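Working through the structure, step by step
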Amino acid sequence: MKILSVNAGSSSLKFTLIEMPAQEVIASGLFEKIGLEGSFYTIKYNGEKITKESELTDHAVAVKVLMDELVNLNIISSLSDIEGVGHRIVHGGQEFSSSVVLNEEILNRISKYNDLAPLHNPANIMGVRAFMEVLPGVIQVGVFDTAFHTTMAATEYLYPVPYEWYEKYQVRKYGFHGTSHRFINKTISEYLKRDDLKVISCHIGNGGSITAIDSGKVVDTSMGFTPLAGIMMGTRSGDIDASILEFMNKQTSASISELTNELNKKSGLLGISGVSSDSRDVEAAAEEGNERAILAQEIYARKIANYIAMYNNLLGGADVICLTAGVGENSKTMRKMIIDRIASLGVELDEEKNDFRGEFRLISTDNSKIPVYVVPTNEELMIAIDTMELSDK
Ligand code: ADP
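Keep in mind the model is a prediction, meaning the values are calculated, not measured. (Residues numbered from 1 in each chain as written. Predicted model: local features only at pLDDT ≥ 70, side-chain atom pairs only at ≥ 80, totals over all residues. Heavy atoms only, no water.)

**A short note on the nonpolar core**
Using the following cut-off: Throughout this description, the term nonpolar core refers to a set of buried Ala, Val, Leu, Ile, Met, Phe, Trp, Tyr and Cys residues connected via side-chain atoms within 4.5 Å. Here the term buried applies to any residue with accessible area under 20% of the maximum for its type, exposed to any over 50%, and partly exposed to those in between, with areas from a 1.4 Å probe on protein chains only. Only DSSP runs of H or I reaching four residues or more are called helices, and only runs of E reaching two or more are called strands; each is numbered from the N terminus. Pairs of residues are marked as contacts when any of their non-hydrogen atoms sit within 4.5 Å.
In terms of nonpolar packing, the biggest core is built from 57 residues, with I110, I200, I210, I308 and I321 touching the most fellow members. The element contributing the most residues to this core is helix α11 (residues 291-314), with nine residues. I308 has contacts with I200, C202, I210, I321, I338, I342 and L345, leaving out every residue within four places of it along the chain. Counting residues in each nonpolar core, the second largest holds 31 residues, with A27, Y45, L70 and I82 among its members.

What follows is the structure in C-alpha cells.
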C-alpha cells in the first residue's frame, strides 16, 4: 500500500510517498512559501527532480497541486492508490500517548494544545484538513512528537516551581523529537534482538535532544516545556538560567518575547561562533583557527557529553548509545569530540570505524564499556509504519 508521510509547517509542506510494507520511497518533495509571494515546489522521483513555481495560496491548493502532479508524473495511476496519510503533529499534550486516527473530534482535541506549540500545531492541523478534503475516506493518522515521552514519571516531567503552574497551566516537561527517538529505539532493539535495552538516544541535528529509554519507555528527555531546553543546538541556547531574561530585559529593553526569540534563533552554535548555525561551517571555521568557532564546538560537545553521562546515571548504566540526525549521522569530528568527553564512562571510539557518514554502524571499540552506534533516523518511515498499523485495525 502507498502511504503519504506529511509534515506541514506554517508556509511549507513536506511529503514522502512510501510503498509499505516494503518501506520503499516512491517520491518525496517540498512545497515552500505557501501563502506567500514566490511559492514553488520540488518533487523527487525515479532519480529525477522537478522544481516548479506555482501560486500556492494555501495548504489546500498545495495539496491539490501535489495530487495532480503525482498523477501527471505517473507516480500513481489515480488518487485511490493512496491508502493512508500520516501527519507529523508536534504537540499532543499529556493526552496523546500514541498515534491516532484523525477525525473532527480528535482534531478539536488536538487544537487544545495550540497554545503549547503556536508555531507548529495550527499548521499541522491545516495540513490534515487539506488532505481530508482532497482524499475523503482515506485514513489520516496523527503522529505526535510528544507521544513517546508521555511515559516519563512526575519526578522527571515536573519542574520544581509552584505546583499550580503545572495544575493550572500545564507547565511541565513534554519533550520533542519523540518520533525520531522511537525509531532509533526500535531500530537498535531489533538489531540487537532485545526489548529490555537501556538506550541513550542522541538526536543531534539543527535541533537536538537526548533521550534516556529503558525497555522501550522514555525515562527522561532533554527538551522541555518547549524545544528550547536541553543541549546547545544550532540556533537554540538549550538550558540557561531563567533569570537572564529579566536581567537582559532591563539592560536592553528588549521584550521577553524578543529575548526568547534570540534564545531560539540567535543562540547555540550561531550565537557562540558568530559564524553559522550549520555545524559544517563552524567546523570549517574552527579548522582555520577561528577561536569562537573552536569555543562553540567545545561547548556543544560538552553539553551533549554531560547529558549522556547524566542519563547513564539515571538509567543505572546504559546498554547502548545511539547518535543520529544531521550532525550525529554525518560529522565524524563532532562524534569524536563527544565520545572523547565521556571517557569516564569507559566509552572508547574506534577512529577507523568512525571515518564515514550517513549509515548504520558501530563506531566504538570492542573494549568500550558501552557500545556506540550511528543509527540514521527516519521519522517519515516511522509515520508511515504507524499509519499502516492503524489502517489494519
Ligand atoms: P533538522 O533539525 O533541521 O532536521 P538535520 O538533522 O538535518 O536538522 O541536521 C542539520 C545539521 O546537520 C546541520 O548543522 C548540518 O551542518 C549538519 N550536517 C549535515 N551534514 C553534515 C556533514 N557532512 N558534516 C557535518 N555536519 C553535517
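**Section: the side chain of N312**
Within the fold, N312 resides in helix α11. Taking relative accessible area as the criterion, N312 reaches 13% and is therefore assigned buried. Ignoring any residue separated from it by four or fewer positions in sequence, one finds N312 in contact with I200, G317, A318, L345 and I370.

**Remarks on unusual backbone geometry**
Residue P21 follows M20 across a cis peptide bond; omega there is 5 degrees. Position of P21 among the secondary structure elements: in the loop between β2 (13-19) and β3 (24-32). Phi at N46 takes a positive value of approximately 50 degrees, unusual for a residue other than glycine. The exposure class assigned to N46 is exposed, which follows from its relative accessible area of 70%.

**Topic: the sheet that holds strand β4 (residues 40-45)**
As a reminder, the rule being used: When DSSP locates at least two bridges between a pair of strands, those strands are taken to pair.
Read across the sheet, eight strands follow the order β5-β4-β3-β2-β1-β6-β8-β7 without closing on themselves; strand pairing throughout is mixed. Each edge of the open sheet is held by one strand with a lone partner, namely β5 (48-53) and β7 (100-101). Pairing of strand β6 (residues 82-89) with strand β8 (residues 139-144) involves six bridges; the strand directions are parallel. Looking at the pairing, I89 lines up with F144 of β8.

**Concerning the site of the ligand**
The following threshold applies: Any residue with at least one heavy atom within 4 Å of a molecule or strand is counted as near it. Pairs of N or O atoms within 3.5 Å make up the polar contacts considered here, provided that, within protein, one atom can donate a hydrogen while the other can accept it, and that residues adjacent in sequence are counted only when both atoms are side-chain atoms. Method for areas: the Shrake-Rupley scheme with a 1.4 Å probe, in which residue coverage is limited to the protein chains shown. Three classes are used, and their members are as follows: Ala, Val, Leu, Ile, Met, Phe, Trp, Tyr, Cys and Pro are nonpolar, Asp, Glu, Lys and Arg are charged, and the others, Gly among them, are polar.
Around the ligand, 13 residues are found, and the nearest of them are N206, G207, D278, S279 and G326. Between the ligand and G207, the relevant distance is 3.2 Å, taken from an oxygen atom to a main-chain nitrogen or oxygen of the residue. Measuring from an oxygen atom of the ligand, one finds a backbone N or O atom of V327 at 3.3 Å. Notes on the ligand: free accessible area 570 Å², of which the protein chains cover 68%. Of all the elements in the fold, those that place two or more residues in the shell around the ligand are α10 (279-287) and α12 (325-330). At four residues, the largest contribution of residues to the shell around the ligand is made by α12. Looking at the shell around the ligand residue by residue, the class counts come to two nonpolar, eight polar and three charged.

**As for the pairing of β3**
Pairing of β2 with β3 involves seven bridges; the strand directions are antiparallel. Residue L13 lies in a different strand from β3, and its bridge partner there is F31. Where β2 folds back onto β3 in an antiparallel hairpin, the turn is made up of four residues, including Q23, whose phi is positive at roughly 65 degrees. Examined bridge by bridge, β3 and β4 share six bridges and lie antiparallel to one another. Its bridge partner being in β4, A27 is matched across the sheet by Y45.

**Things to note about the pattern of salt bridges**
Spelled out, the test is: In what follows, salt bridge is the name for a side-chain nitrogen of Lys or Arg lying within 4 Å of a carboxyl oxygen of Asp or Glu.
Evaluation of the coordinates by the stated rule reveals 23 salt bridges. The partner of E133 in a salt bridge is K64, with the nearest N and O atoms 3.3 Å apart. Of this pair, E133 sits in helix α3 (residues 121-134) while K64 sits in helix α1 (residues 59-72), and the two are 69 residues apart along the sequence. Looking at E133, the relative accessible area reads 52%, which means it is exposed. Between K173 and D220 there is a salt bridge, with the nearest N and O atoms lying 2.8 Å from each other. With K173 in the loop between α5 (163-169) and α6 (178-192) and D220 in strand β11 (residues 217-221), the pair connects residues that are 47 residues apart, well separated along the chain. Since its relative accessible area comes to 10%, K173 is described here as buried. One network of salt bridges, in which partners are shared, links E95, E105, R109 and K112.

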